[in-house]
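# Summary of structural features
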Amino acid sequence: MTSSSTAEPLRISYSPCPNDTFVFDAWAHGRIPGAPGLEVSFADIDITNGMAERGESDVLKVSYAVLPWVLDQYALLPCGGALGRGCGPLVLTREPGPAADLAGRTVAVPSERSTAYLLFRLWAADVLPAGVGEVVVLPFHEIMPAVRDGRVDAGLVIHEARFTYQDYGLHCLADMGEHWESTTGLPIPLGAIIAKRSLGADTLRALAESARTSVRMAWDDPEASRPYVRAHAQELDPAVADQHIGLYVNEFTADLGEAGYAAVRGLLTRAAAEGLVPAIAPDALAFP
């Protein structure tokens, strides 16, 4: 799919999840006058994180956790991503119990470079000093069935799993977002929009403005995005898709603002202090 523009379209990859298709609908379909054209492909976050590390696309939706490895080549856009409150990843198990039960157990995660996994590691550092056992990476839509079927002891889930895990007979052992918010007071950074620095400052600013406009157009006319959302929602119930959008598309999607940037810096600073990611330069998050 390509949006209209006189210049060569830019390659962009984001997930088929409702929040991303809602945010990018107007832009991807050429409804923003003067916006850079887009050549869209869909990929789960583990794939886009790897694409960013290899420099394979012009614009990407990635985990904030991968930024320390890619900020030399990509700039963080101040809008279009996922960051908020009450929207953190969950650790699910078949049976209810204390968090200590997770010690030495096998946990499925959506990506070892995901923000969800980083939040999980920070939580475990506080709550499970002995650590968990094996960590296995699965596509996020396979994690709840794996927990339900006993193939793993627990699963770290993201996205609409917050609304559907009880359908699998699962229990929430811990909420990574609650732990993050209670220990930092900051919103939860999840997914970022990044673009290649080599595109130049003018194009980067045009990308940011187009993303912001696309968000506002989606809010102004939610019905316009419904066909795009439904076409890529992986058979998700429309009501759940609406909940998903309501949770993950918020004021921080339109503009990170001071609180958003503080959350991103806080996450990466704490993670670096724990030896989980490389430290970033003081100005690495600055937008041109």
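Here we summarise the structure given alongside this text. (Residues numbered from 1 in each chain as written. Predicted model: local features only at pLDDT ≥ 70, side-chain atom pairs only at ≥ 80, totals over all residues. Heavy atoms only, no water.)

Along the backbone of the protein there are twelve helices and eleven strands. Taken over the C-alpha trace, the protein has a radius of gyration of 18 Å; the compact-globule value for 288 residues is 19 Å, and the two agree within 12%. When the backbone C-alpha atoms are referred to their principal axes, the protein occupies close to 55 × 40 × 30 Å. In the protein, buried positions account for 55% of the 288 residues. Sequence-distant contacts in the protein: of pairs separated by 6 or more residues, those separated by 24 or more amount to 82%. Just so you have it, the protein exposes about 11,800 Å², and 49% of that area is on carbon and sulfur atoms. Charge-centre separation for the protein: the mean point of 21 positive side chains lies 3 Å from the mean point of 36 negative side chains. (Helix = DSSP H or I, 4+ residues; strand = E, 2+ residues; numbered from the N terminus. Rg over C-alpha atoms; globule rule 2.2 N^0.38 Å. Buried < 20%, exposed > 50% of the residue type's maximum accessible area, 1.4 Å probe, protein only. Contact = heavy atoms within 4.5 Å. Areas by Shrake-Rupley, 256 points an atom, 1.4 Å probe, with all protein chains shown as cover. Lys, Arg positive; Asp, Glu negative; His and termini not counted. Charge placed at Lys NZ, Arg CZ, Asp CG, Glu CD.)

Let us now look at the packing of helix α4 (residues 115–127) against helix α12 (residues 257–273). Running from N to C, α4 and α12 point in directions that differ by 55 degrees, and their axes come no closer than 11 Å. Here α4 is positioned oblique relative to α12, judged by the angle of their axes. The crossing of α4 and α12 is left-handed. Listed contacts from α12 to T115, L118, L119, L122 and D126 of α4 are L267, R270 and A271. (Axes fitted to C-alpha atoms, helices over the stretch in contact; angles between N-to-C directions. Parallel < 35°, antiparallel > 145°, perpendicular 65-115°, else oblique. Left-handed = near helix turned anticlockwise from the far one by under 90°.)

Our focus in this paragraph is the side chain of T115. Turning to its location among the elements, T115 is positioned in helix α4. We classify T115 as buried; its relative accessible area is 2%. Within the structure, the side chain of T115 is placed 2.7 Å from the backbone oxygen of L190, a separation counted as a polar contact. (Polar contact = N/O pair within 3.5 Å; in protein donor to acceptor, adjacent residues only side chain to side chain.)

Our next topic: helix α10 (residues 238–248). Along α10, the residues that are buried comprise V240, A241, H244, I245, L247 and Y248. The buried residues of α10 occupy an angular sector of 165 degrees when projected down its axis, which confines them to one face. Contacts from the buried residues of α10 go to α1 (18–28), β5 (82–84), α6 (161–164), β11 (188–196), α9 (222–231) and α11 (251–254). The backbone nitrogen of A239 lies 2.8 Å from a side-chain oxygen of the residue at the head of α10, namely D237. (Arc of directions from axis to C-beta.)

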